[in-house]
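Coordinate analysis (summary)
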4 protein chains.
Amino acid sequence: MARVTVWNEYRHERESDVVADVYPDGIHAVVADALREGGHEVRTATLDEGPDHGLTEAALDDTDVLVWWGHAAHDEVRDAVVDRVQERVLDGTGLIALHSAHYSKVFKRLMGTSCSLKWREAAERERLWTIEPSHPIADGIGEYVELAETEMYGERFDVPAPDTLVFTSWFEGGEVFRSGCCYRRGSGKVFYFRPGHETYPIYYDEDVRQVLRNAVEWAAPGDGPAPEFGNADPIEAIDTSDDRTVH
Amino acid sequence: MARVTVWNEYRHERESDVVADVYPDGIHAVVADALREGGHEVRTATLDEGPDHGLTEAALDDTDVLVWWGHAAHDEVRDAVVDRVQERVLDGTGLIALHSAHYSKVFKRLMGTSCSLKWREAAERERLWTIEPSHPIADGIGEYVELAETEMYGERFDVPAPDTLVFTSWFEGGEVFRSGCCYRRGSGKVFYFRPGHETYPIYYDEDVRQVLRNAVEWAAPGDGPAPEFGNADPIEAIDTSDDRTVH
Amino acid sequence: MARVTVWNEYRHERESDVVADVYPDGIHAVVADALREGGHEVRTATLDEGPDHGLTEAALDDTDVLVWWGHAAHDEVRDAVVDRVQERVLDGTGLIALHSAHYSKVFKRLMGTSCSLKWREAAERERLWTIEPSHPIADGIGEYVELAETEMYGERFDVPAPDTLVFTSWFEGGEVFRSGCCYRRGSGKVFYFRPGHETYPIYYDEDVRQVLRNAVEWAAPGDGPAPEFGNADPIEAIDTSDDRTVH
Amino acid sequence: MARVTVWNEYRHERESDVVADVYPDGIHAVVADALREGGHEVRTATLDEGPDHGLTEAALDDTDVLVWWGHAAHDEVRDAVVDRVQERVLDGTGLIALHSAHYSKVFKRLMGTSCSLKWREAAERERLWTIEPSHPIADGIGEYVELAETEMYGERFDVPAPDTLVFTSWFEGGEVFRSGCCYRRGSGKVFYFRPGHETYPIYYDEDVRQVLRNAVEWAAPGDGPAPEFGNADPIEAIDTSDDRTVH
């Protein structure tokens, strides 16, 4: 059980009838539902919720895993909030970056690359193949997940090579894409998951919802050591006397 | 909760008083205890338990994670049993290879390399540093684990680069060693954990016991897809008609 | 400039007219040509060249990089030769495993997994996308290589996660495949490269030939240290006196 | 042969007699010498060389590999220059980050983590072990490089797991450190190399100089594809007629 904050830009849903039809209460509502089905304690936050976009220190104090969906207003996310989120991830908070969040300031900050890719809006079919079946994010998922209509993302995806590549997608137009990528950053875990264009009912798909739940479980903070940095202890005297036990 | 089989060569303990003093009921007994403390269901098996060394198909059917300790009689493990264990790991069974098991047929089979290293028996101090604090195998472990007297293992350790490097050890004599290494093989997970020379009470150490429990949790089979190999379905007709929804 | 041995099973070319039409002098002849264009010194060897399949100790002494193509007679490769090849790779000799060599004893030995995959013979189109443009194996290659007619290989490809994933393929039938995979084994480098079904003129393709040349350059032995294994030097006395320079 | 720019903060050398004794013409002069011995064309640039710190667009146009040494004035590097350097690296320019450059804006930008570590100034002995002997950065290097007096850096080093770990260091005081780390970022290659505290004559050491030359060779831009991002071509008609050649 993790405490999750689902952060969503929440602009398209309020500006476009096509998107509002798919996500009448916002993408965050549907994603949050999927996560609650997994027993997680889920709150939501959106871009326009105050200067902190709902991501105050207090909200982040209560967040084990942050899920991020953004698309057209990445630049409106204040740098101070991006700093804060990066700090929390390095400190142990998990981050699930969804679809167009590849271009979010938060994801780009943690990757260090442009995170650019090819795209095409042609309602094309996607097959998301499971590359690493032993990974917990693939729990309950089949050999592939088929999504009838999607927005294509194609390589070359300018990200660092993932620590673990869980899924790779096929698109009918000829492209491939590393669609499920695990990273460790500081004490935190980051999972990039590709599907989720706002005009298609992707987050209602049962397999996609299962992956979201798996990802939150995986990304939740562990109980490992909090490293101390800086000036280390002086060298202690080392006993190198000869009377040591040799076998 | 996993069903664990702790496999031990169990020769030194019966042949050497020094070792028998440390492990009167065998290394497997102490390791099994540590795992039962984590709520796992643990059986043991040893080299001399029949032609299958206790690892019959039935025993492996009931094994989620296999823990392996061997040292001086690796060559006495029958190839048919090695084949069987490799098959199970590729099928999802976890494997925890301890200390001198780096030279076990089972571990070498899954690595494809010589698994050679440098060693020295001089009761020297080891500091096992946590490299990846976000990894579940580091749960409840500190910045480092100190073991007062150990047998040194030193780089270069001829193994494939681990998928995740969890621990790296320092030895007072000047060597370093990648002492906690995660690998995925087929649908299975393998963890190599260095400490455990038979003349020192390593497996009574609380941190070492914690790592063993963490490792079993991590290596337990997941619920991902069982890939099907071989001749795939014919290509289906792909609808590339022009009337597709473009946004 | 590397000394290359191109090893080919060389059965299909002599048993099937279809294949003989494509490779009248054997697949090895065409691959060897491609490599000579890169200035390499190339010899060939085949399965039926004596009990050593042409891979005597002397031949291997003169081999910097071994290229391997095999398909229907993997089991006829003698284990003693497989042992020898594995030893050489661990010692620094490069290995390029082509197409159906994924099932060769040599490749499986170095991987430790089943190396299984899905396949389909339907003369389907493949797009081999460059995932890691900074890697030397991608030198002179475009964003993707298109092969009009191929035998499909599809995930899940049961190999260890590559150290570097250079290419990933798209197949018109819906599959993806990690088609260019780099591994380090011992002091040697291994590159698995997928294309190359015997009934299609794959090894005449200019891009494929460029990849072969790049791969040989990459896999050629370096000049790094030859690790020494075994009993290490005793611990020297360490000077921990207080009069050390502190800044 | 690469065109290299060695960038150095060049403050300590001008402010401290101790440092000036070791590097009378600046750290950059000694590093540049080492690289010229490898046949590279080397220029230098320093923090105080104008608003661009010597890293104008023109200078970067002529730079294949950028070597960076900085320590006490990272914050004085203008963000516009950091942006420019990051862009060049993603575009193919290599980056060698030395010692305290782990805290440089440029390196931190490309890593996405804090890049923090433990340190101690006690003139202690370091043994830099070769972990991956097959890697070209280890060419001409032995099993380990010994440096008599260094400033210790200790894990946990808060960086992403390197794509390849080439070296790991041992320090007499008890710490270990991943001292030679390769990363790919965009079309560029980054190598972090630990040794190099300004009060010790590290860059005169023959092995260190060899590693610097190897690193520049490795990091130099390749000739791979320049990926195109953005809106991809429309889906072409795919011929799925039945008359395809099946073998």
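Residues numbered from 1 in each chain as written. Chains lettered and ligands numbered in written order. Predicted model: local features only at pLDDT ≥ 70, side-chain atom pairs only at ≥ 80, totals over all residues. Heavy atoms only, no water.

Looking at an unreviewed UniProt entry, one finds chain A named ThuA domain-containing protein and attributed to Halorubrum salinarum.

For the rest of this paragraph, the subject is the overall build of chain A. Broken down by element type, chain A carries 7 helices and 10 strands. Viewed in the frame of its principal axes, chain A has a C-alpha envelope of about 80 × 40 × 35 Å. Within chain A, the proportion of its 247 residues that are buried is 66%. Look at the contacts in chain A between residues 6 or more apart in sequence, and 72% of them connect residues 24 or more apart. Surface summary for chain A: the accessible area is close to 8100 Å², and the carbon and sulfur share equals 44%. (Helix = DSSP H or I, 4+ residues; strand = E, 2+ residues; numbered from the N terminus. Buried < 20%, exposed > 50% of the residue type's maximum accessible area, 1.4 Å probe, protein only. Contact = heavy atoms within 4.5 Å. Areas by Shrake-Rupley, 256 points an atom, 1.4 Å probe, with all protein chains shown as cover.)

Mapping chain B onto chain A is achieved by rotating through 180° and translating by 0.0 Å along the same axis, at an RMSD of 0.0 Å. Read as a symmetry element, the transformation amounts to a two-fold axis. Rotation axis and chain B: the residue whose C-alpha lies nearest the axis is D163 of chain B, separated from it by 3.7 Å. Mapped onto chain A, 100% of the interface residues of chain B again fall at the interface, so both copies present the same surface. (Least-squares fit on C-alpha atoms with pLDDT ≥ 70 in both.)

Expressed as a screw transformation, the operator carrying chain C onto chain A has a rotation angle of 180° and an axial translation of 0.0 Å, and the superposed copies differ by an RMSD of 0.0 Å. Taken together, the interface assignments show that 100% of the residues at the interface of chain C recur at the interface of chain A, consistent with an identical surface on both copies.

Residues and elements named next belong to chain C. The end-to-end C-alpha separation of helix α5 (residues 79–91) is 18 Å, in line with the 18 Å expected for 13 residues at 1.5 Å each. By the burial criterion, the buried members of α5 are V81, V82, R84, V85, Q86, R88, V89 and L90. Where the residues of α5 are buried, they touch α4 (57–61), β3 (65–69), β4 (94–98), α6 (105–111), β8 (176–185) and β9 (188–193). Positive phi shows up at G92, right after α5, with a value of about 135°. (Expected span 1.5 Å × (residues − 1).)

Every contact between the two is made by 27 residues of chain C and, on the other side, 27 residues of chain A. For the chain C and chain A pair, buried surface summed over both sides reaches about 2200 Å², with 60% attributable to carbon and sulfur atoms. Three residues stand out in chain C for area buried against chain A, namely W129, R156 and W170 of chain C, and they jointly supply 25% of the buried area on that side. The partner of K118 of chain C in a salt bridge is E143 of chain A, and the shortest N-O contact between them spans 2.7 Å. Joining chain C to chain A, the criterion identifies 10 residue pairs in polar contact (both at pLDDT 80 or more). Among the elements that line the side of chain C that touches chain A, the one with the most residues is strand β7 (residues 164–171) of chain C, at 5 residues. Residues that form the side of chain C that touches chain A fall into these classes: 11 nonpolar, 6 polar and 10 charged. (Buried area = accessible area lost by both parts, 1.4 Å probe. Salt bridge = Lys/Arg side-chain N within 4 Å of Asp/Glu carboxyl O. Polar contact = N/O pair within 3.5 Å; in protein donor to acceptor, adjacent residues only side chain to side chain. Nonpolar A, V, L, I, M, F, W, Y, C, P; charged D, E, K, R; others polar.)

Attention now moves to the interface of chain B and chain A. Every contact between the two is made by 41 residues of chain B and, on the other side, 41 residues of chain A. For the pair chain B and chain A, the two sides together bury roughly 3200 Å², of which 47% comes from carbon and sulfur. At the junction of chain B with chain A, the criterion picks out 4 salt bridges. One salt bridge in this structure joins R127 of chain B and E236 of chain A, with 3.0 Å as the shortest N-O distance. Here chain B is connected to chain A by 13 residue pairs in polar contact (both at pLDDT 80 or more). Mapped by element, the contributors of at least two residues to the side of chain B that touches chain A are β5 (118–130) and β9 (188–193) of chain B. It is β5 of chain B that provides the largest number of residues to the side of chain B that touches chain A, a total of 6 residues. Here the side of chain B that touches chain A is built from residues that sort into 12 nonpolar, 14 polar and 15 charged.

Before going further, it helps to spend a moment on the UniProt feature "domain: ThuA-like" (unreviewed entry) in chain A. The feature "domain: ThuA-like" (unreviewed entry), as annotated in UniProt, sits at residues 3–219 of chain A in this numbering. As annotated, residues 3–219 of chain A comprises 27% helix and 32% strand, and the C-alpha atoms at either end are separated by 11 Å. (UniProt positions renumbered as here; feature names shortened; annotations may be inferred.)

As a further point, take the pattern of salt bridges. Evaluated as defined, the whole model comprises 105 salt bridges over all chains. Across the pair D64 of chain A and R3 of chain A runs a salt bridge, and its minimum N-O distance is 2.8 Å. Here R3 of chain A lies in strand β1 (residues 3–8) and D64 of chain A lies in the loop between α4 (57–61) and β3 (65–69), a separation of 61 residues in the sequence. For D64 of chain A, a relative accessible area of 14% corresponds to the buried category. Assessed through its relative accessible area of 26%, R3 of chain A is described here as partly exposed. Measuring nitrogen to oxygen at the nearest pair gives 3.5 Å for the salt bridge that ties R156 of chain B to D158 of chain B.

With that settled, the discussion passes to the packing of aromatic side chains. Tallying each qualifying case throughout the model produces 42 aromatic pairs over all chains. When the centroid spacing of 4.8 Å and the interplanar angle of 50° are considered together, the rings of W129 of chain A and Y144 of chain A count as tilted. Placement of W129 of chain A in strand β5 (residues 118–130) and of Y144 of chain A in strand β6 (residues 144–154) is noted, with a sequence separation of 15 residues between them. In this structure W129 of chain A comes out as buried when scored by relative accessible area, which is 2%. Following the ring pairs from residue to residue traces out a cluster consisting of F107, Y153, F157, F177 and Y192 of chain A. Taking NZ or CZ as reference, R14 of chain C lies 4.8 Å from the ring centre of Y10 of chain C, over its face. The cationic tip of R194 of chain C hangs over the ring face of Y153 of chain C; the distance from NZ or CZ to the ring centre is 4.9 Å. (Phe/Tyr/Trp six-rings, centres within 6.5 Å; stacked < 30°, edge-to-face > 60°. Lys NZ or Arg CZ within 6 Å of the ring centre and 35° of its normal.)

Let us look at the packing of helix α3 (residues 27–36) of chain D against helix α7 (residues 206–219) of chain D. All names here are of chain D. Two elements in contact, α3 and α7, have axes separated by 9 Å at closest approach and are oriented at 65°. Comparing the axis directions of α3 and α7 gives the class roughly perpendicular. Like other packed secondary-structure pairs, α3 and α7 cross with a definite hand, here right-handed. Here V30, V31, D33, A34 and L35 of α3 come into contact with α7, specifically with R209, L212, R213 and V216. Among the residues forming the contact of α3 with α7, the class breakdown is 6 nonpolar, no polar and 3 charged. (Axes fitted to C-alpha atoms, helices over the stretch in contact; angles between N-to-C directions. Parallel < 35°, antiparallel > 145°, perpendicular 65-115°, else oblique. Left-handed = near helix turned anticlockwise from the far one by under 90°.)

The next thing to look at is the pairing of strand β5 (residues 118–130) of chain C. Burial analysis of β5 of chain C places 12 of its 13 residues in the buried class, which makes it a mostly covered element. Bridge count for strand β10 (residues 230–231) of chain B against β5 of chain C is 2 bridges, and the pairing is parallel. Looking at β5 of chain C, one finds that N231 of chain B is bridged to W119 of chain C. As paired strands, β5 of chain C and β7 of chain C are joined by 5 bridges and run antiparallel to one another. Residue pairing for β7 of chain C: E126 of chain C is matched across the bridge by F171 of chain C. (Pairing = 2+ DSSP bridges.)

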